[in-house]
Structure formats: structure tokens, C-alpha cells
Amino acid sequence: MIEEILANLYRIEIPLPKSPLKALNSYVIRNTERNLIIDTGWNQEECLRAMQAGLSGLGVDLGRTDFFITHLHADHFGLLSNLVTDTSKIYFNQPDAGRFRVGFRWDDFAHFARLNGYPESELQASLQSHPGFKFRPEENLVFHIMKEGESLTVGDYRFRCIETPGHTPGHMCLYEPSRKVFVAGDHILNDITPNIQLWSDDRNPLEEYFDSLDKVSKLEIELVLPGHRSLLRNCRERIQELKQHHQKRLDEIISILKKGEMDAFRVASEMSWDILCDSWDLFPVSQKWFATGEAIAHLKYLKEKGIIKTEMRGRRRVFSLNRNDSS
Ligand SMILES: [Zn+2]
């Protein structure tokens, strides 16, 4: 499906079969010299077919096309391997490019998951079904690194790069000040909330995410082009809703921990999730992975704020409320 959003700026909807995200919004800016494609879909047949149909409908020649990738998630850049040509530039951010070069960190993920109580019986299946593993691009991509404030000009559009860490460490958006248009990747979504997850000890992604939301809130934006689902116009209002959503999650975790100490997997199993499933046991393994990562990100935030603490129980890490907050 192709939709014209602004002059020479189009959205191609790329299906993501069996994913709760449903589809990815790939944005294409057509230009007489070089075109730009923002985000691509998975490295997978249905995505490729939809992209090829969209590009041929728009008459886009891949030999004259560059790419901007908002962040290191396979639904946003997996398909690149099938689209790049000898002349393509791939604009990307440094933190995510660094992670991409390390490859899919299977052992690190497994170690960190076990530490957080992830059951052995579900671990291999969760990693095997992980889209970052299943639908990743080939490893030989060469990136042109963009930094905060740098501009990217395509025809009449002059975009400014805005670093928005949180959803990934290097997530980057594009802002077009003269049209007040904001290409949001997965930083701001309208119908669903971006997943903020953590699978290492070296970050505090929810804190980063709150800071990035505040940063974007200061921009004059009239139209947000998100990575999934519908476009939105009320950017500041949506930012407030997203902040409230995470605050509610933090409050929910505090009340769960009032029952006593528990590991992150158990915390995730007690949280409420927006998924059509009768119980945690019936959750698809891939979704348990994202849910647990989301729980860990929120637990890390609470720990850094001094509201909860961690201790080891054998090889497992448990979380509990700091005494002053357990009233
Ligand atoms: Zn993403």
C-alpha cells in the first residue's frame, strides 16, 4: 500500500506477519537526483515483495537511492541487504552501528536472561524466534554515521538529525523544521507504546527515553511520521501520554514488589500486558522475551532512583523494595 503524505514523500506499508506491530511504515522521498528510503522491514519474503511493489509503483530506481535507518531493530533495517546497490549510502547512528558490528549477542542475552530468572526451558526458543536473530540483514553493510544536528537534504526536504536514545541506545529521528515534520522511528508511536527494554547492566534506557521525550517536546512539530501504525499530529500530548504510561508501569512494579522479593521474569509475569492471552503461560515465547526486557528496564530505573534494591539468590538476581518505600 502506497500513500502520498506530502509532496514527494510517501509511505509504503510493509507487513510484519505474526508480529503484534502488524506492519512497518517505510517512508520514501522521491527526488530527481537521489531518493531516500527511511526504514525497510525485515529480511524476509513478504517484506521484500511489499517493498518491491511499492517502489515500482513510485518508479523509484534503487540505483539512485540512499537509506536512513532510525535504529537497530530488524523490522527497520533487516531488508537493507536486498535493497542496497554499489552507490547507496546508509545513514545510521554510531551506538547502534557499533552494536550491529558485534552481531546478535546470543550468549550475552542468554546469560543476562538466566540471571533474571528466565526459565531454561523457554530460553532457546525465545532467542531463536527473536526477530533480531531471525530477520537480521547480512553483516557486510557499510554505514555513513550521522550525529546530532547534522543535516540530510533530499530535494526540498532538509532534515536535521535528532538523537533520541531509549528504545535503542542510538535511536535517531529526523526533523524538518520548515514543514514541522518529525520522522519518529519507534520513539513516538500513536496506537501502541514503544517497547523500552534492557538486556545488559550498562544502561538505564527508561531514563534515556524520558530525557529524549522531553527533548522532542521542545520542537515545533505538526506531523509525526512514526515507524508503525497511524500518523499523528498532537505530538506534545502523545509525549505526555507515553510518560504517564511508563509512570503507571513503574507504580505497578512497586505494588507487585510489595508481595516480596522476586526476579525480573516473575515481575514480568505479574504485570498487566496488552495482549490477547488468558495467562502468562500462554504468552508466545517471543512476547515473553520483550515483556521481560521491558520489566528489566523499569526495574533498573527504580533501582537507580533508590526505590528498589537487588540481591543475588544463588545465580539469580532478585529485586525488592528499599525499606523506606515498602509502607
Ligand atoms: Zn524498534
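See the structure printed just above.
I will try to describe carefully the structure that is included in this document. Keep in mind it's a predicted model, so treat the numbers as computed, not measured. Numbers given to residues run from 1 along each chain, matching the order in which its sequence is written. Two thresholds apply to this predicted model, a pLDDT of at least 70 for residue-level local features and 80 or more for giving and counting side-chain atom pairs, whereas whole-chain, interface and lining totals are computed over all residues. No hydrogens and no water enter the side-chain calculation; it runs on all heavy atoms of the structure.

Comments concerning the pattern of salt bridges
Stated formally: In the sections that follow, a salt bridge refers to a side-chain nitrogen of Lys or Arg positioned within 4 Å of a carboxyl oxygen of Asp or Glu. To qualify as a helix, a DSSP run of H or I must reach at least 4 residues; to qualify as a strand, a run of E must reach at least 2; elements of each kind are numbered from the N terminus. Only protein chains enter the accessibility calculation, which uses a 1.4 Å probe; a residue whose area is less than 20% of its type maximum is buried, one above 50% is exposed, and one in between is partly exposed.
A complete count under the given rule lists 21 salt bridges for this structure. Among the ionic pairs, Lys-288 bridges to Glu-122, the shortest N-O distance being 2.8 Å. Here Glu-122 lies in helix H6 (residues 120–128) and Lys-288 lies in helix H11 (residues 285–304), a separation of 166 residues in the sequence. Like Lys-288, the residue Glu-122 is buried in the burial classification. Between Lys-300 and Glu-304 there is a salt bridge; the shortest N-O distance is 3.7 Å.

Topic: the sheet that holds strand S4 (residues 35–38)
Put simply, the rule reads: By this definition, two strands are paired if DSSP reports at least two bridges between them. Here the axes come from fitting lines to C-alpha atoms, over the contacting stretch only for helices, and the angles between their N-to-C directions go from 0 to 180 degrees. Contacts are assigned to residue pairs with any non-hydrogen atoms lying within 4.5 Å of each other.
Overall, mixed pairing links the 7 strands, which are arranged S1-S2-S3-S4-S5-S6-S7 in an open sheet. At either margin of the open sheet sits one strand with a lone partner, and together these are strand S1 (2–6) and strand S7 (144–146). Adjacent strand axes in the sheet meet at a mean angle of 30 degrees, parallel and antiparallel pairs treated alike. Pairing of strand S3 (residues 23–29) with S4 involves 3 bridges; the strand directions are antiparallel. For Ile-29, the partnering residue across the bridge sits in S4 and is Leu-36. The strands touched by helix H1 (residues 45–58) within the sheet are S1, strand S2 (9–15), S3 and S4, with S2 carrying the most contacts at an inclination of about 155 degrees. Packing of helix H4 (residues 94–102) onto the sheet brings it into contact with strand S6 (90–93) and S7, and relative to S6 it is tilted by some 100 degrees.

Quick look at the coordination of the zinc ion
Let me state the cut-off plainly: Note that water is not among the atoms used; donors are N, O and S atoms within 2.8 Å of the metal (3.2 Å for Na, K and Ca), so sites may look incomplete. Labels for metal geometry use angle windows, namely 85 to 135 degrees for all angles of a four-donor tetrahedral site, and for square planar (four donors) or octahedral (six donors) sites opposite donors over 155 degrees apart plus all others within 65 to 115; sites meeting none of these are irregular.
Listed as protein donors to the zinc ion are His-71 (NE2), His-73 (ND1), His-167 (NE2) and Asp-186 (OD); their distances from the metal cover 2.1 to 2.4 Å. Geometry at the zinc ion is irregular, judged from the 4 donor atoms that bind it and their angles of 86 to 172 degrees at the metal. Between the donor residues of the zinc ion, the gaps in sequence give the motif H-x1-H-x93-H-x18-D. Of the two residues, His-167 is situated in the loop between strand S9 (157–163) and strand S10 (172–176) and Asp-186 in the loop between strand S11 (181–185) and helix H8 (205–217); the sequence distance between them amounts to 19 residues. Per residue, the accessibility class of His-167 equals that of Asp-186, and both read buried.

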